Every structure is written in C-alpha cells, then in structure tokens.
Amino acid sequence: MKLNLSSLSQASDYEAAGIQVPAFDVAATQERVRTNPRWVHIGPGNIFRIFLARIADDMLADGKYWPITGVVPMNPAEMEKQLEAFDLLTLGVILSGDKRDTRVIAGLADGLATRREGDFDRLVSIFTNPEMTTVTLTITEKGYVIQDSQGELSEATRADIASDPFANHENTMALLAGLLAHRYQAGGAPINFISADNFSHNGDKLRDSVLQIARGWVERGALSQEFLDWASDDTKVAFPISVIDKITPRPSEEVSEYLTGLGFTDMGIDHLGRTPIAGFVNAEPTEYLIIEDKFAAERPPFEDYGVYITDRETCDKFERMKVTTCLNPLHTALAVSGTVMRFPTIDSEMRDPDLAKMVNILAYDEAMPVVTDPGIIDPKDFVREVLEERFPNSALPDNPARIAMDTSQKIPIRFGVTLQEYQRRGLDMDKLRVIPLVFAVWARYLLGIADDGEEFTPSSDPLLEELQGHLKGIKLGESVDAHAALKPILSNANIFGLDLYTTPLAEKVEALFTKLIAGPGAVRATIHEEIN
Ligand SMILES: NC(=O)c1ccc[n+]([C@@H]2O[C@H](COP(=O)([O-])OP(=O)(O)OC[C@H]3O[C@@H](n4cnc5c(N)ncnc54)[C@H](O)[C@@H]3O)[C@@H](O)[C@H]2O)c1
Ligand SMILES: O=P(O)(O)OC[C@@H](O)[C@@H](O)[C@H](O)[C@H](O)CO
C-alpha cells in the first residue's frame, strides 16, 4: 500500500491496519482549495504536519472549511518528495509507552514551492484573494532574521530592499512583505499572520522584520506611505504572538519499520541534504498551542480544537515558562552535552543520573525563580511533566543533534531572557551553576570533538563557522588561553542576551571550558563534579 488519494479511497485497507482516515472528501477539498483558499502555511515541516494540519483536518471533518495551502520558500524538492509524492497526505504517528496511534492527516490541501516556475504567481493570486485571511508560519528562528551577527541589515536584506517589491524574493521576510504589497494593491483585505515558531514574542519579531523591509521600500519610493500605514495598522494586518509545544522529532527508523510492517511500501526515510524526510511524522501526545487574541480578519475557530486564545500577558507567561525556562533551555542543555557525550536520544540522557540531575537543577533552582504562573497550567506541573514524562518518553526517539541545530540563535531566547530577568530583579547570578556549565559545554561542542576524543559533525548553525574561527587551534589536552579564545563569543550580547562579562558568568565559563578540554572524558568528569 502507498499513501495517496487512490489508496485512501480503499479506506478499508487503512481501517484493517488500525489507521484513522480523514472524515471528509479529501480529493474534493484539494480541488476546491485551489480557487477558494482560506489559510496559508509557510514552512510545512514536521510540527506543522502533525499539529496545525491535524487541527485543519479536524475542522474539515466537522464541516468547517479551513483547508491549508502549504508554501515551501526554500527547496522545492521538499514539497515534491515529502508532500506531493503522497498527494499532500501525512501519516501522523503519536508515540507513548508501547502505544502507536496512527492517522492520515489531510489538512494540507494545496502545495506551492515559490522557487518553482509558476508557483509564485499562484501565491500572489492567493494573497490577493480576500477569502484567504490567515497565514501561519513554522520556518525556524533563523527564517525571521534580516540582520547579520553584528546587528546590521544583512547583505541579502539590503538587496531585497533594492529590488522590486512585487517580484519573487528568496528571503521569506521579503517574500511576505512583497505579498502584503500585492494584497494592499488588490484592495487591502485584512489578514492575520501567526508565527508558530519557538521563540520569544514571535509575532512581534515577524512584524518587525516584515515592516522593516516594507519601510525600506517606502523610503526609496518603491511603495507608498499609505501602504506602510495599512501594513502597520494591527486592525488591518495582525501579528499575534503565540506559543506552540509538541515534541516532534525527526522521522525515526523504528517508526518507518513499523509502518512498513503495516503494509506501506513508501514509508522509508529519504534525505534532503542532511535533513531526513518522510511521508510520516512522529511525535509525542502532549501538545499546547496558545495564541494572543489579536486578529484583524476572520480566523479558523481554533478554540474549538484545544487551542487557547488568550490575552498577551498569558501568552507571555506561558512562553516564559516553556521557551525560556521549563522546557527549551533544558532541551538545549541536553542537546549539546548529549551530542558531545554521544547519547543517541534525549530519553537515554534522562536515564543518566548526572544529566538528569543537571536539568533538574537548571529547571527547579535556576530557571523557576523567574517563572510566573500563566494560569493555564501550573509551572510546577508543567516542569514535572517535562522532566518525568515527556523527556524520558522512551517511545520518542528524539536526537540531541536535532535540538542542537542553530544553538547560537536559540541561546538568547532560551537563556538570555532568564539572565536579563536575573539582572532586572537583582537576583544573585553568582549562584548559577548549570547555566555557565551549559555555555561552557556549548563552546566545547563547537570544537567538533566528542568526549571520546574523536570528531563529530556539529549540527548546522548560521554562526558555526564564525564561532569555530574563534576557537581555532584549541586541542584537547593542550593548554589554552580560554579568556582570549572565548572573549569574542561570551561578550556578544546578540548571542547571550547580554555581555556575559557584565556578569560573574564569563569568568566561570572560561574556567569550566579549561576543564572541559583537559582531555577525553573531561566533559563527563566536569559535569559530574559541577552538579554533585
Ligand atoms: N519539532 C518540534 O518539536 C517543534 C515544537 C515546537 C515548535 N517548533 C517550531 O517549529 C519550527 C519548525 O520545526 P520542525 O520540526 O517542523 O522543523 P522542519 O525542519 O521539519 O520544518 C522546518 C520548515 O521550515 C522551512 N524553513 C527553514 N528555513 C526557512 C526559511 N528561512 N524560510 C522559510 N522556510 C524555512 C523548511 O523548509 C521546513 O518546511 C522550529 O524551528 C520551532 O521553532 C518545533
Ligand atoms: O524546534 P527548535 O529547533 O526551535 O528546537 C528544538 C527543540 O527544543 C524543540 O523543537 C522542542 O522539541 C519543542 O519546542 C517542544 O515543543
């Protein structure tokens, strides 16, 4: 059996395999959405396919017409090999204990790849359609960045500003700013942009980046001030903030074999560069989506599908709890140490007493003091669920390397916000043990040498080359001037949210780093010593 519309018409084959199928006419919806689009999603990757597309699937099953048009602005092969090869269907596999719940998700009903001939023009026609009112995004943090590491507008952004606003743009922020210009020109129907990426005040960042490009066009006379006024008016173009939470690892070999055992012949894992791609997505059962109640246009009835639509303050508090204290910083701590110590999965790290203790200290002693209860869920229950159920979920094969991707972009949010809060509240940073340890292990990770003394390939990161340049020549077991090597990194407020030399942490990180490079086994020994 192959996953496609034709096999779906034999629903009994799916039912015999215990797989839930869409409760609506998928082919008819895919036909209708081409002329009647409602909801566009940029970056139709794993979390989107198992969370937002599933919500759309549930809505469609209830007769609420919110099919999604997925847009890949990067490599068209992602659209072709991961989505179109399966008629845009995804097999969602929820893993917990020894249970696997599998269903066909069909909320994604149309697919475009803007670097593919003709697709950009079709996207323009979708953006000029007033019936299309909502755009969601999961494009990773770096997709929003229009500056270089020094905080200046990047060369690519300057080139976009110098180019025709109405043309196709490779940079996603410029693409969206240009599509907004098309929408304005076509009458300016209101629209919502909901970032569902994992960082602080995601909607604000999206708004800033898009409007900065729009402003550049207005300043050089390519667009009118009226356009900018419209795009800046949040009753016309809304950018609510949101928080999304569902651990969604890369596709796993075990799940691939399981699906093959159910009779599928097309559920193998392929690769696009180093990124594994598949017709299925595996994830944990837990999920939270919180969206600020700030919309300019009609939107999907999210609240009927378990999504919290709430005030900005609640979003903010939930985000502080999840992204900057009780989940994502712990993830990054496990990602860099797990990679250097060659742990295959996060759950295996949680069975290591030192690493489990490290993240417990980080959560309860160092992060919790700056958390405020969001009201939706008690932070103590949230962190307990993370540390005792979600991370140790042995059915969920989450690889530390996935989480280590783009760490330089994540640190300001996952740790910097907490440090700024310590500074703001006058809390004692000298007491912090694990936060400086994580920074030192990250610097040790950047060397690309594991704790066994052998090489590993660090996950991709836009600053990898620059950061590795500062550490060039450092060898395990040899003496090092840690201050000279680390100063350019630790003083970079773009990375840590503040210059670590304005805190007691920089000195600690330098001392820890010196210990961590003492030789093979030094990472294990230093972590053990520091947390016991
Ligand atoms: N996987 C998770 O556990 C999880 C959970 C919560 C939130 N998130 C958020 O969702 C994002 C995506 O995670 P995922 O697991 O779906 O990853 P993924 O790699 O499966 O998907 C990422 C998508 O973003 C696109 N993309 C990458 N860079 C882009 C750019 N510059 N412009 C436009 N599109 C770009 C890719 O083409 C792909 O479609 C994460 O960065 C995170 O912020 C992920
Ligand atoms: O998705 P990223 O790359 O921002 O971060 C990696 C993980 O920490 C993240 O995906 C978590 O699994 C997720 O935030 C859980 O909701």
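Nothing here was measured: the structure is a model prediction, and the numbers come from that model.

Novice: Any chance you could explain the UniProt feature "domain: Mannitol dehydrogenase N-terminal" (unreviewed entry) in the protein here in plain terms?
Specialist: Within the UniProt annotation, "domain: Mannitol dehydrogenase N-terminal" (unreviewed entry) is assigned to residues 38-302. Counting secondary structure, residues 38-302 comes out at 34% helix and 22% strand; the distance between its end C-alpha atoms is 14 Å.

Novice: Explain the pattern of salt bridges to me, please; I cannot follow it from the model alone.
Specialist: Any two side chains of opposite charge can pair, on the condition that their charged atoms come close. Evaluated as defined, the whole model comprises 35 salt bridges. For the salt bridge of Arg103 with Asp58, the shortest nitrogen-to-oxygen distance reads 2.9 Å. Of this pair, Arg103 sits in strand E4 (residues 99-105) while Asp58 sits in helix H4 (residues 46-61), and the two are 45 residues apart along the sequence. Linking Glu80 and Arg116 is a salt bridge whose minimum nitrogen-to-oxygen distance equals 3.1 Å. Of this pair, Glu80 sits in helix H5 (residues 76-83) while Arg116 sits in the loop between strand E5 (108-113) and helix H6 (119-127), placing them 36 residues apart in sequence. One network of salt bridges, in which partners are shared, links Arg54, Asp57, Asp58, Arg103, Lys246 and Glu287.

Novice: Explain the packing of aromatic side chains here, please?
Specialist: Each aromatic ring pair is summarised here by two numbers: the centre-to-centre distance and the angle between the ring planes. In this structure the tally under the stated criterion is 15 aromatic pairs. Note on Tyr184 and Trp230: the rings are 5.3 Å apart at their centroids and 45° apart in plane angle, and the pair reads as tilted. Of this pair, Tyr184 sits in helix H8 (residues 172-185) while Trp230 sits in helix H10 (residues 225-232), and the two are 46 residues apart along the sequence. Judged by its relative accessible area of 29%, Tyr184 is partly exposed.

Novice: What am I meant to see in helix H21 (residues 482-490) here?
Specialist: Three- or four-residue spacings in an α-helix give side chains the same orientation, since the helix completes a turn every 3.6 residues. Those residues of H21 that fall on the buried side of the exposure criterion are Ala482, Ala485, Leu486, Ile489 and Leu490. Looking straight down H21, one finds that the buried residues subtend no more than 115° of arc, so they occupy a single side. Contacts made by the buried residues of H21 are with helix H19 (434-446), helix H20 (464-470), helix H22 (493-496) and helix H23 (505-516).

Novice: Teacher, can you tell me more about the pairing of strand E6 (residues 134-137) here?
Specialist: Both faces of the sheet carry side chains from a regular strand, because those side chains alternate between them. Burial along E6 is two-sided: the residues Thr134 and Thr136 and Val135 and Leu137 are all buried. Where E6 meets strand E7 (residues 191-195), 4 bridges bridge the pair, whose relative direction is parallel. Within E7, the position partnered with Leu137 by the bridge is Ser195.

Novice: What am I meant to see in the domain arrangement of the protein here?
Specialist: Interface size is commonly expressed as the accessible area that is lost once the parts come together. Per the domain assignment, the segments making up the protein are domain 1 (5-310) and domain 2 (314-531). Inter-centroid distance (C-alpha atoms) of domain 1 to domain 2 is 30 Å. On the domain 2 side, the residues contacting the 34 residues of domain 1 number 39 residues. Around 2,900 Å² of area is buried between domain 1 and domain 2 when both sides are counted, 59% of it from carbon and sulfur atoms. The interface formed by domain 1 and domain 2 holds 3 salt bridges in total. Residue Glu284 is joined to Arg390 by a salt bridge in which the shortest nitrogen-to-oxygen separation is 2.5 Å. Taken together, domain 1 and domain 2 are joined by 12 residue pairs in polar contact (both at pLDDT 80 or more). Broken down by secondary-structure element, the contributors of at least two residues to the side of domain 1 that touches domain 2 are strand E3 (90-96), strand E9 (242-245), strand E13 (288-292) and strand E14 (308-310).

Novice: Please explain the site of ligand 2 as it appears in this structure.
Specialist: Near ligand 2, the surroundings consist of 13 residues, among which Asn198, Asp245, Lys322, His331 and Lys410 are the closest. In the environment of ligand 2, an oxygen atom lies 3.0 Å from a nitrogen or oxygen atom belonging to the backbone of Lys246. Within the contact set of ligand 2, an oxygen atom lies 2.9 Å away from a side-chain nitrogen or oxygen of Arg402. Compared with its free state, where it exposes 400 Å², ligand 2 has 87% of that area covered by protein. Where the shell around ligand 2 is concerned, the elements lending two or more residues are E9, helix H13 (328-340), helix H17 (400-404) and helix H18 (407-425). Taken together, the residues of the shell around ligand 2 sort by class into 3 nonpolar, 3 polar and 7 charged. In terms of domain composition, the shell around ligand 2 takes at least three residues from each of domain 1 (5-310) and domain 2 (314-531).

Rules behind the numbers
Residues numbered from 1 in each chain as written. Chains lettered and ligands numbered in written order. Predicted model: local features only at pLDDT ≥ 70, side-chain atom pairs only at ≥ 80, totals over all residues. Heavy atoms only, no water. UniProt positions renumbered as here; feature names shortened; annotations may be inferred. Helix = DSSP H or I, 4+ residues; strand = E, 2+ residues; numbered from the N terminus. Salt bridge = Lys/Arg side-chain N within 4 Å of Asp/Glu carboxyl O. Phe/Tyr/Trp six-rings, centres within 6.5 Å; stacked < 30°, edge-to-face > 60°. Buried < 20%, exposed > 50% of the residue type's maximum accessible area, 1.4 Å probe, protein only. Arc of directions from axis to C-beta. Contact = heavy atoms within 4.5 Å. Pairing = 2+ DSSP bridges. Domains from an automatic or database assignment. Buried area = accessible area lost by both parts, 1.4 Å probe. Polar contact = N/O pair within 3.5 Å; in protein donor to acceptor, adjacent residues only side chain to side chain. Near = heavy atom within 4 Å. Areas by Shrake-Rupley, 256 points an atom, 1.4 Å probe, with all protein chains shown as cover. Nonpolar A, V, L, I, M, F, W, Y, C, P; charged D, E, K, R; others polar.

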